[in-house]
Amino acid sequence: MTERLYLSDPYLTTFQARIVERRQLPPDARLAVILDRTAFSPALAGVASDTGTLGEAQVTEVLTDKGQVLHVISQEVWNDEIEGRVDWPRRFDLMQHHTAQHILSEALMQLYEAETTAATVTPQTAHIELSKVLSDAEIERAANWANEAIAAGRAVRVAMVDPMRVPGVSNSQVIRKQPVRVFNIEGFRLSVCQASHVLRTTEIGSLRITSINRA
């Protein structure tokens, strides 16, 4: 099983690893490798994957398959010992947008009990779907609430905890007593999340809502 370095240090961008398996992925026989350890985060819960390089090869996408982390690469890598480099500007954009999405979702829940039912995060934008329709004024109020929380410089923490302590985890995790990774900002509810986040809310900058679709 690949050691996932990004879980303990989302700011790590360069690392040494060993290739333990090479694959060709259907349907177009893309090349992919599995490493013994990686700082590349795969696509998780609507958040886009990291990109970067492994040696001379470009890492174009990172996927998961039955618990394995697959690094899709642009060309064959012949050496088993390899250096990986994460595209930091892309990673940081994802961290900023994803943490901002959590904060906006918290604002919408606290103010209007509007639950986020789906989220998509890319380096450019974050898109969320809500459980209820809100007015423009209500959404603007939530955005202002979120920006106040961002400007307050609250600490962002992650931890592995007993699933019995976290509402909303799957029954299978509770039955197997598997620790779950939770995300928390000071004063917010706990959220189960495997993706990377900034360490303090001020790293986000500010949040701006660019479009609303009620179709």
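Up top is the structure.
Note on numbering: residues in each chain are counted from 1, in written sequence order. Local features in this predicted model are restricted to residues whose pLDDT is 70 or higher, and side-chain atom pairs enter the listing and the counts only when it is 80 or higher, whereas totals over whole chains, interfaces and linings include all residues. Side-chain calculation: all heavy atoms of the structure are included, whereas hydrogens and water are not.

Pairing of aromatic side chains requires ring centres within 6.5 Å, counting the rings of Phe and Tyr and the six-membered ring of Trp. Pairs whose planes differ by under 30 degrees are stacked, by over 60 edge-to-face, and all others tilted. By the definition in use, this model includes four aromatic pairs. Here Trp145 and Phe188 contribute two aromatic rings whose centre-to-centre distance is 5.7 Å and whose plane-to-plane angle is 35°, an arrangement assigned as tilted. With Trp145 in helix H3 (residues 136-151) and Phe188 in the loop between strand E12 (180-185) and strand E13 (191-192), this pair connects stretches of sequence that are 43 residues apart. In this structure an aromatic cluster arises from ring pairing among Tyr11, Trp88 and Phe92. A run of DSSP states H or I qualifies as a helix once it reaches four residues; a run of E qualifies as a strand once it reaches two. Both are numbered from the N-terminal end.

What follows covers empty space enclosed by the protein. In this analysis, the protein atoms alone were mapped onto a 1 Å grid. Cavities are point sets where a 1.4 Å probe fits without being able to get out; pockets are open sets with protein on both sides within 12 Å along at least five of seven lines; lining residues have an atom within 4 Å of a point. Grid points are joined across faces, edges and corners, and a volume is the space filled by probe spheres set on the points. The tally for this structure, following the rule as stated, stands at one cavity of 30 Å³ or more. Its volume calculated, the largest cavity comes out at about 80 Å³. Polar here means any residue outside two lists: the nonpolar Ala, Val, Leu, Ile, Met, Phe, Trp, Tyr, Cys and Pro, and the charged Asp, Glu, Lys and Arg; Gly therefore counts as polar. The residue makeup of the lining of the largest cavity, split by class, is seven nonpolar, three polar and two charged.

Strand pairing is assigned whenever DSSP detects at least two bridges linking the two strands. Spatial strand order, E11-E12-E13: three strands in an open sheet with antiparallel pairing. Here the strands that pair on one side only, and so sit at the sheet edges, are strand E11 (156-161) and E13. As paired strands, E12 and E13 are joined by two bridges and run antiparallel to one another. In the sheet register, Phe183 faces E13, and the bridge partner there is Ser191. A contact between two residues is defined here by any heavy atoms of the two lying within 4.5 Å. Interaxial angles span 0 to 180 degrees and are taken between N-to-C directions of axes, which are lines fitted to C-alpha atoms, for helices over the stretch in contact. Helix H2 (residues 88-112) rests against E11, E12 and E13 of the sheet, and its axis sits at about 70° to E12.

Here, nonpolar core means buried Ala, Val, Leu, Ile, Met, Phe, Trp, Tyr and Cys residues that are tied together by side-chain atoms lying within 4.5 Å of each other. Classification of residues uses two cut-offs on accessible area relative to the type maximum, computed with a 1.4 Å probe and protein chains only: under 20% is buried, over 50% is exposed, and between them is partly exposed. Within the largest apolar cluster, 28 residues are counted, with the highest numbers of intra-cluster contacts made by Ile103 and Leu207. For this core, the element with the highest residue contribution is H2, accounting for nine residues. Among residues more than four places away in sequence, those in contact with Leu207 are Ala100, Leu104, Ala143, Ala146, Asn147 and Ile150. In terms of nonpolar packing, the next biggest core, distinct from the first, is built from 17 residues, Leu54, Val62, Val69 and Val77 among them.

Moving on, we come to H2. Helical geometry note: an α-helix holds 3.6 residues per turn, so side chains three or four residues apart project in the same direction. How far a helix is expected to stretch is found by multiplying one less than its residue total by 1.5 Å. Along its 25 residues, H2 runs 36 Å from first to last C-alpha, staying within 8% of the 36 Å computed at 1.5 Å per residue. Where H2 ends, the next residue or the one after it, Glu113, has phi of about 55°, a positive value.

Time to look at the side chain of Thr2. Among the structural elements, Thr2 can be located in the segment before strand E1 (3-4). The class for Thr2 is buried, based on a relative accessible area of 6%. Reaching out from Thr2, the side chain makes a polar contact with the backbone oxygen of Leu35 at a distance of 2.7 Å. When near neighbours in sequence (up to four residues on either side) are disregarded, Thr2 contacts Ile34, Leu35, Asp36, Arg37, Thr38, Gln68 and Val69. By the criterion applied in these results, polar contacts are pairs of N or O atoms within 3.5 Å in which, for protein atoms, one can donate a hydrogen and the other can accept it, and in which residues neighboring in sequence qualify only through two side-chain atoms.

Before going further, it helps to examine the packing of H2 against H3. Where H2 meets H3, the axes come as close as 9 Å, and the angle between the chain directions of the two elements is 125°. Comparing the axis directions of H2 and H3 gives the class oblique. With respect to the hand of their crossing, H2 and H3 are arranged in right-handed fashion. For the pair H2 and H3, contact is made by Ile103, Leu104, Glu106, Ala107, Leu108, Gln110, Leu111 and Tyr112 and by Glu138, Arg141, Ala142, Ala143, Trp145, Ala146, Ala149 and Ile150, respectively. When the residues that make up the contact of H2 with H3 are grouped by side-chain class, the tally is 12 nonpolar, one polar and three charged. Comment on the angle field: the value is read as roughly parallel under 35 degrees, roughly antiparallel over 145, roughly perpendicular from 65 to 115, and oblique elsewhere. Working rule for handedness: look at the near helix, and if it is turned counterclockwise from the far one by less than a right angle, call the crossing left-handed; if clockwise, right-handed.

Moving on to the sheet that holds strand E8 (residues 81-86). Read around the closed barrel, six strands run E2-E3-E7-E6-E5-E8, paired in antiparallel fashion. For this sheet the average axis-to-axis angle between neighbouring strands, irrespective of direction, equals 50°. Bridge count between strand E2 (residues 14-25) and E8: five bridges; the pairing is antiparallel. Pairing of Ala17 across the sheet is with Ile82, part of E8.

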